[in-house]
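Coordinate analysis (summary)
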Protein chains: 4
Amino acid sequence: MTIPVILDVDTGVDDALAILVAVRHPGIDLLGISCVAGNAPLAQVVDNTLRVLDAAEAPDIPVAAGAARPLLEPPRSASHVHGADGLGGIALPPTERRAEQAGAVELMRRLILEHPTPVTLVALAPQTNLALLLRTHPEVAGRIERIVFMGGSASVGNASAVAEFNVWHDPEAAAIVLDSGVPTYMYGLDVFNRVAIEHELAHSLEHGDDALGRVVGALLGHRIAVSADESAEYTGLIGDAGAVCSLIDPGALRTELRPVRVELAGYARGQTLVDLRKHPGQEIGLTPADEWAGVEVALDVDEA
Amino acid sequence: MTIPVILDVDTGVDDALAILVAVRHPGIDLLGISCVAGNAPLAQVVDNTLRVLDAAEAPDIPVAAGAARPLLEPPRSASHVHGADGLGGIALPPTERRAEQAGAVELMRRLILEHPTPVTLVALAPQTNLALLLRTHPEVAGRIERIVFMGGSASVGNASAVAEFNVWHDPEAAAIVLDSGVPTYMYGLDVFNRVAIEHELAHSLEHGDDALGRVVGALLGHRIAVSADESAEYTGLIGDAGAVCSLIDPGALRTELRPVRVELAGYARGQTLVDLRKHPGQEIGLTPADEWAGVEVALDVDEA
Amino acid sequence: MTIPVILDVDTGVDDALAILVAVRHPGIDLLGISCVAGNAPLAQVVDNTLRVLDAAEAPDIPVAAGAARPLLEPPRSASHVHGADGLGGIALPPTERRAEQAGAVELMRRLILEHPTPVTLVALAPQTNLALLLRTHPEVAGRIERIVFMGGSASVGNASAVAEFNVWHDPEAAAIVLDSGVPTYMYGLDVFNRVAIEHELAHSLEHGDDALGRVVGALLGHRIAVSADESAEYTGLIGDAGAVCSLIDPGALRTELRPVRVELAGYARGQTLVDLRKHPGQEIGLTPADEWAGVEVALDVDEA
Amino acid sequence: MTIPVILDVDTGVDDALAILVAVRHPGIDLLGISCVAGNAPLAQVVDNTLRVLDAAEAPDIPVAAGAARPLLEPPRSASHVHGADGLGGIALPPTERRAEQAGAVELMRRLILEHPTPVTLVALAPQTNLALLLRTHPEVAGRIERIVFMGGSASVGNASAVAEFNVWHDPEAAAIVLDSGVPTYMYGLDVFNRVAIEHELAHSLEHGDDALGRVVGALLGHRIAVSADESAEYTGLIGDAGAVCSLIDPGALRTELRPVRVELAGYARGQTLVDLRKHPGQEIGLTPADEWAGVEVALDVDEA
Ligand SMILES: [Ca+2]
Ligand SMILES: [Ca+2]
Ligand SMILES: [Ca+2]
Ligand SMILES: [Ca+2]
């Protein structure tokens, strides 16, 4: 029983590893990849993604370019985090692969509607493409198994004091996705840097036959256990891949179904407000929580 | 070396215990008490406060009535939490004590300016009175040692998913206080229900000579240790008193100086945004953190 | 020299007349029509639009269904204004015409990119389709001559005290359009009910050969002059057509190039803030006006 | 029948003329003057006010210093409009008069409660003092006849595209005043520069015996008629005095009772939203207008 998956990426070191896992893992059937501006400009994201597929010796997986900027926020560069090429300087050889003409929204629409069973969307980037898809082609919603997104935080932020980068980068897009009625799973900063990658996988990658695997595996070797060292916070090496891993091994994370709302106003703009109270929604005077979307939020790593 | 203190209260069971501690503890010189609407309507708060002073056999401590409602928010009742009289049904006998005519703002001004050394303000309620004082008589700011307030949260809220009741009840007032330039100490929900009251104190209260002490001590007997049971969250019996205790035994809490801002907009209105990142203020694009007030935030109980 | 035009509509009586003018006027080359939910639900809008084309004896003009709801706002009905069918009860016979499968965004993209000269978009409805187009296919922006939209107000509103219905219905979409860099022309409430329809046109319609023309012409007969009677405000009979007429006879309106911004927050949400000051942008402390898009705003009817 | 009046000022050329009118006009009984930071810093405002009273040969009218800054907004200087001293360089001799120690809030409270009949407050500046008064001493509300304020706009702004300076300078204070339940009269930009000062008054001032009168009269001579020249917009010479004149000659202005709300969020922050629709409050989905305060808004000069 493989899981049919579409990845939405802004490759990115994080996304590179996630793509590799999605390509290679036998439990995942990677239908296609949509690209969006985020950690790197769109053209760079597309090129990086195609090169990563090459390095992964992937079959002919369709790739398409999507939104070049957020819905309302101005475009922003995260090159100080991910390097000028978004790949942290890991040189990958050029590729013959090409992106599809039709664009990411059309690619996603087609892949979802053509697939015989509901498809899982895994968003590892600002959710602009997903928001455009859901508003342009709402008929796909009923054919999406769920949307797993790397983003948000129920505690501290990274782009601001309380906001995580992907949601902060396009808060309106995230709000559209959360309120879409499609089941959502939030893989946020609360677990982002804490997921244990199995020794075995890292080792097999580092000493395997494919070029990317060796590079990534070597890097992984440094951080293969649950880390209490927050200095790892911005290296971004494992995070996005963890969201893919959660598909395969859902029991590794402790999740709770919680009311969640994306804050669009004020200093907290881009924060994912997660109602963690014992009795969510029993606030004294704010919006009734039954107007907040119920989201499965990954809150902790199951270290057992 | 006693600490000269003015209490700002919305008595309230919580505040009753805090007043008792402030009256009785040899380390505190209780100069006066200002009242504000919050957990109970203003007239009730004043009456409760005077009765509590009687029960505590306090000397002639001046009490004055302040704001009957928040700056902008509508008045709200918390009677479902604290009972119709705000004292949870603990009947205290009527008193001959009377509030000062001049009002809370004038009382605070006079007490602060007359005292030979800087005075500590301890706010156990929505901060409307303090905001009115600081804007009406800014000359007092230089004579305030610091403002210790029960309120806010660096994690989960109680009035909403992310906002604590006192700050949520009058967010503009809290924003005025935090940005006033007076040193502030936030005793929020992160420690509110977790402070250990010493057995000895509780025992001496319960078996002491004063009426209130016996009542309160009996109640305290049920929750004298650090509690992991969140079901105690809304009993409100210890919280405010903990803020007073933090004056006497500051080492019992782990605090950090953090940029804090009160959110005034959106769903997060009333949230105290606390920048807990390793490198606060290095956000990518929001308000530079040097515009956020530095607040000493109590984040944890030192259980050592 | 005809003007190549794509209409974006939520037909609607207003839009019906506008479509008729666009179909029949020799100065306009109507390339296609995109439909969006607004005055009526999407399916109704599409059906109304196809029937209107039939009644107009239009050639085979492509029509496509677009967004069924706004980006962030919940769907809303305006059936109290436009009747249950959005056509005010004007019964039009069923039609054999069918909408294109590809959808409105794809239709607009294709029509714009295929046309040898830049195309004018005329939006007579909430601008959801345009926003989706500009974010999904930004390459079209350089091929759009300008966007003329019925919406906004530099004075009083209709959906709220200060907001006009189309912008208020999807404020984020309007903000995306105004900030897109494409030249925009705002045909708002300031002129909406004040444009003179020439007697001759109304007369020729009323006594012409086509079914819709007779219906519409009869209605027009009641309001063919500049009206000072604000009681006409909600009849909505001429408004959208006026935006089409402005293409043909631009001199009939007095316009000014003004900084405009769509308010997204607070009570003014959906207001088009138009800087009408003698020296726009010289405000004391707000956002520099050079960050506000310059919009050609129709402010008055030239009654000369 | 004289009208008992307290003026709240940020003198200021405008306020100087208004004070003169209030001192000299037989229909007004000027009880006292409260000062607030606005056009000039507080100390300057107090000094200017005292000098103006001297120049007006006023009796011993109590003056007191109030708020040195707005509730939430940072202090701002308008010295580019009103000159470094706020009096546009009109040198007035020093005075022996002194401000009262008690402060503006206490002065207003005392004057209102001591007067046998309800008092009219005329606010010619940011409304910080009034807001502090109403929240600190709500018992005065029932003793205020009404609050006439220079501020706001139902059309274009001056501090921003849509906001007038006094309201924009302290929006929360204006919101508190409008929602206080005290009858309010808005003398905003819609009439600010359009009020005709009677020739007779200007002439008698210019050729009268008092120093200020001669100075002000000379200036008035230039603008004694209804002016269509908007270049006068920022000279600020008549505006505030017009609000005082409206007390004496209410028929000179056309007013309407309209729902008004101060916008606190977004780009429109500081705008006075005035519902000018034929059927106010019948918006489709926003806050019901019955939650908006009814304000008597001066909309036009009666030129008959
Ligand atoms: Ca990513
Ligand atoms: Ca309390
Ligand atoms: Ca329309
Ligand atoms: Ca003034």
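Residues numbered from 1 in each chain as written. Chains lettered and ligands numbered in written order. Predicted model: local features only at pLDDT ≥ 70, side-chain atom pairs only at ≥ 80, totals over all residues. Heavy atoms only, no water.

1. Some thoughts on the overall build of chain A
- The helix and strand inventory of chain A stands at eleven helices and nine strands.
- Out of the 304 residues in chain A, the part that is buried amounts to 59%.
- Only carbon and sulfur atoms are counted for the fraction: they give 53% of the accessible area of chain A, which is about 11,200 Å². (Helix = DSSP H or I, 4+ residues; strand = E, 2+ residues; numbered from the N terminus. Buried < 20%, exposed > 50% of the residue type's maximum accessible area, 1.4 Å probe, protein only. Areas by Shrake-Rupley, 256 points an atom, 1.4 Å probe, with all protein chains shown as cover.)

2. Structural notes on the environment of Ile112(C)
- As for its placement among the helices and strands, Ile112(C) is situated in helix H4 (residues 104-114).
- Contacts of Ile112(C), omitting those with residues within four sequence positions, involve Ile6(C), Val119(C), Leu121(C), Leu133(C), Val140(C), Arg143(C) and Ile144(C). (Contact = heavy atoms within 4.5 Å.)

3. Observations regarding the sheet that holds strand E3 (residues 63-65) of chain B
All names here are of chain B.
- With respect to topology, nine strands assemble into an open sheet ordered E3-E2-E1-E4-E5-E6-E9-E7-E8, the strand pairing being mixed. The open sheet terminates on both sides in strands that have one partner only, identified here as E3 and strand E8 (272-274). Taking the axes of each pair of neighbouring strands and ignoring which way they run, one obtains an average angle of 30° across the sheet.
- Note that strand E1 (residues 3-9) and strand E4 (residues 119-123) share four bridges and pair parallel. Along E4, the bridge assignment pairs Val5 with Thr120.
- Across the sheet, helix H2 (residues 42-55) touches E1, strand E2 (28-35) and E3, and the angle it forms with E2 is around 155°.
- The strands that helix H7 (residues 171-178) touches are strand E5 (144-150), strand E6 (184-187), strand E7 (253-262) and strand E9 (293-301); relative to E7, the one it contacts most, it runs at about 110°. (Pairing = 2+ DSSP bridges. Axes fitted to C-alpha atoms, helices over the stretch in contact; angles between N-to-C directions.)

4. So, the interface of chain A and chain C
- At the interface, 15 residues of chain A touch 15 residues of chain C.
- Across the interface of chain A and chain C, roughly 1,300 Å² is buried in total on both sides, 69% from carbon and sulfur atoms.
- Run the count over chain A and chain C and you get zero salt bridges.
- Connecting chain A to chain C are four residue pairs in polar contact (both at pLDDT 80 or more).
- Mapped onto the side of chain A that touches chain C, the elements with two or more residues apiece are helix H5 (128-136) and helix H7 (171-178) of chain A. (Buried area = accessible area lost by both parts, 1.4 Å probe. Salt bridge = Lys/Arg side-chain N within 4 Å of Asp/Glu carboxyl O. Polar contact = N/O pair within 3.5 Å; in protein donor to acceptor, adjacent residues only side chain to side chain.)

5. Overview of helix H1 (residues 13-24) of chain D
All names here are of chain D.
- For H1, which comprises twelve residues, the first-to-last C-alpha distance of 17 Å matches the rise-based estimate of 16 Å (1.5 Å per residue) to within 8%.
- In terms of burial, H1 is a largely internal element, eleven of the twelve residues being buried.
- Buried residues of H1: Val13, Asp14, Asp15, Ala16, Leu17, Ala18, Ile19, Leu20, Val21, Ala22 and Val23, and no others. (Expected span 1.5 Å × (residues − 1).)

6. Concerning the coordination of the calcium ion (ligand 1)
All names here are of chain A.
- Within the first shell, the calcium ion (ligand 1) binds the protein through Asp10 (OD), Asp15 (OD), Asp15 (OD), Leu124 (O) and Asp240 (OD), at distances of 2.2 to 2.6 Å.
- Linear spacing of the donor residues for the calcium ion (ligand 1) on their chain is D-x4-D-x108-L-x115-D. You can see Asp10 sitting in the loop between strand E1 (3-9) and helix H1 (13-24) and its partner Asp240 sitting in helix H11 (residues 239-248), a full 230 residues away along the chain.
- On the basis of relative accessibility, which here comes to 0%, the residue Asp10 falls in the buried class. (Donors = N, O, S within 2.8 Å, 3.2 Å for Na, K, Ca; no water.)

7. So, the coordination of the calcium ion (ligand 3)
Residues and elements named next belong to chain C.
- Around the calcium ion (ligand 3), the donor atoms from the protein are Asp10 (OD), Asp15 (OD), Asp15 (OD), Leu124 (O) and Asp240 (OD), and they sit 2.2 to 2.6 Å away.
- When the donor residues of the calcium ion (ligand 3) are listed from N- to C-terminus, their spacing reads D-x4-D-x108-L-x115-D. Of this pair, Asp15 sits in helix H1 (residues 13-24) while Asp240 is found in helix H11 (residues 239-248), placing the two residues 225 residues apart along the sequence.
- Among the residues examined, Asp15 registers a relative accessible area of 0% and is labelled buried.
- Judged by relative accessible area, which is 2%, Asp240 ranks as buried.

8. Some thoughts on the pattern of salt bridges
- Enumeration over the complete set of coordinates arrives at 44 salt bridges over all chains.
- Taking the shortest distance from any N to any O, the salt bridge between Glu73(D) and Arg269(D) comes out at 2.9 Å. Here Glu73(D) is found in the loop between strand E3 (63-65) and helix H3 (79-82), whereas its partner Arg269(D) is found in the loop between strand E7 (253-262) and strand E8 (272-274), with 196 residues between them in sequence. Comparing Glu73(D) with Arg269(D) shows no difference in burial state: the two are buried.
- Connected through salt bridges with shared partners, the residues Glu73(A), Glu172(A) and Arg269(A) form a single ionic network.

9. Observations regarding the packing of aromatic side chains
- In this structure the tally under the stated criterion is eight aromatic pairs over all chains.
- With a centroid separation of 6.2 Å and an interplanar angle of 80°, the aromatic rings of Trp292(A) and Tyr267(B) are classed as edge-to-face. In this pair, Trp292(A) sits in the loop between strand E8 (272-274) and strand E9 (293-301) while Tyr267(B) sits in the loop between E7 and E8, so the two residues belong to two different chains.
- Residue Tyr267(B) is classed as partly exposed on the basis of its relative accessible area, which comes to 29%.
- With 6.1 Å between their ring centres and 45° between their planes, Phe165(C) and Trp168(C) make a pair best called tilted. Of the two residues, Phe165(C) and Trp168(C) are both situated in helix H6 (residues 165-169); the distance of three residues between them amounts to about one turn of the helix. The two residues Phe165(C) and Trp168(C) agree in class, both being buried. (Phe/Tyr/Trp six-rings, centres within 6.5 Å; stacked < 30°, edge-to-face > 60°.)

10. What to know about the environment of Leu17(D)
All names here are of chain D.
- Along the chain, Leu17 turns up in helix H1.
- The exposure class of Leu17 is buried, given its relative accessible area of 3%.
- Residues Leu17 and Leu134, spaced 117 residues apart in sequence, show a C-alpha to C-alpha distance of 27 Å.

11. Observations concerning the relation of the copies chain A and chain C
- Here chain A sits on chain C after a turn of 180° about the axis and a move of 0.0 Å along it, with an RMSD of 0.0 Å. Here the copies are linked by what is in effect a two-fold axis. When each C-alpha of chain A is compared by its distance to the rotation axis, Leu132(A) comes out closest, at 3.2 Å. (Least-squares fit on C-alpha atoms with pLDDT ≥ 70 in both.)

12. Quick word on the side chain of Ser153(B)
Residues and elements named next belong to chain B.
- When you line up the elements, Ser153 lands in the loop between E5 and helix H6 (165-169).
- With relative accessibility at 1%, the residue Ser153 sits in the buried group.
- A polar contact is formed between the side chain of Ser153 and the backbone oxygen of Val156, at a distance of 2.5 Å.

13. Here's the deal with the sheet that holds strand E5 (residues 144-150) of chain A
All names here are of chain A.
- Pairing in this open sheet of nine strands is mixed, and the strands run E3-E2-E1-E4-E5-E6-E9-E7-E8 from one edge to the other. Each end of this open sheet is capped by a strand with a single partner; those strands are strand E3 (63-65) and E8. Sheet twist, expressed as the average angle between the axes of neighbouring strands with direction ignored, equals 30°.
- Both strand E4 (residues 119-123) and E5 contribute to a ladder of five bridges, which runs parallel. Across the sheet, residue Ala123 finds its bridge partner in E5, namely Phe149.
- Taken strand by strand, helix H2 (residues 42-55) contacts E1, strand E2 (28-35) and E3, and its axis lies near 155° from that of E2.

14. Structural notes on the pairing of E9(A)
All names here are of chain A.
- Across two bridges, the pairing between strand E6 (residues 184-187) and E9 is parallel. Bridging from a neighbouring strand, Met186 pairs with Val297 of E9.
- Where strand E7 (residues 253-262) lies against E9, eight bridges are found, and the strand directions are antiparallel. Opposite Leu253, over in E9, you have Val301 as the bridge partner.

15. Describing the packing of helix H4 (residues 104-114) of chain D against helix H5 (residues 128-136) of chain D
All names here are of chain D.
- Interhelical geometry of H4 versus H5 gives an angle of 65° and a closest axis separation of 9 Å. Between H4 and H5 lies a crossing whose hand is right-handed. The residues of H5 that touch H4, namely those facing Ala104, Val105, Met108, Arg109 and Ile112, are Asn129, Leu130, Leu132 and Leu133.
- Here the residues of the contact of H4 with H5 are counted per class, giving seven nonpolar, one polar and one charged. (Left-handed = near helix turned anticlockwise from the far one by under 90°. Nonpolar A, V, L, I, M, F, W, Y, C, P; charged D, E, K, R; others polar.)

16. Some thoughts on the confidence of the model for chain A
Residues and elements named next belong to chain A.
- Chain-level statistics for chain A give a pLDDT mean of 85 and a share of 79% at 70 or above.
- Long-range and interchain partners of residues 222-236, a stretch whose pLDDT sits below 50, account for 23 contacts in this model, where long-range means more than four residues apart.
- Quick note on the complex model: pTM equals 0.92, ipTM equals 0.91. (pLDDT = per-residue confidence, 0-100.)

17. A word on helix H4 (residues 104-114) of chain A
- Along H4(A), the residues that are buried comprise Ala104(A), Val105(A), Leu107(A), Met108(A), Leu111(A) and Ile112(A). What you see down the axis of H4(A) is that its buried residues fit within an arc of 165°, all on one side. (Arc of directions from axis to C-beta.)

18. Considerations on the pairing of strand E6 (residues 184-187) of chain D
All names here are of chain D.
- The alternating pattern of E6 places Thr184 and Met186 and Tyr185 and Tyr187 on opposite faces, both of which are buried.
- The pairing of strand E5 (residues 144-150) with E6 spans four bridges and is parallel. Bridging across to E6, Ile147 finds its partner in Thr184.

19. Here we look at unusual backbone geometry
Residue and element names in this part refer to chain B.
- Omega for the bond connecting Thr11 with Gly12 falls within 30 degrees of zero, at -25°, which places this linkage in the cis form.
- The topology assignment puts Gly12 in the loop between E1 and helix H1 (13-24).
- Of note, the phi angle at Glu57 is positive, near 50°, even though the residue is not glycine.
- Mapping Glu57 onto the fold places it in the loop between H2 and E3.
- A residue is classified by how much of its surface remains accessible, and Glu57, at 57% relative accessible area, is exposed.

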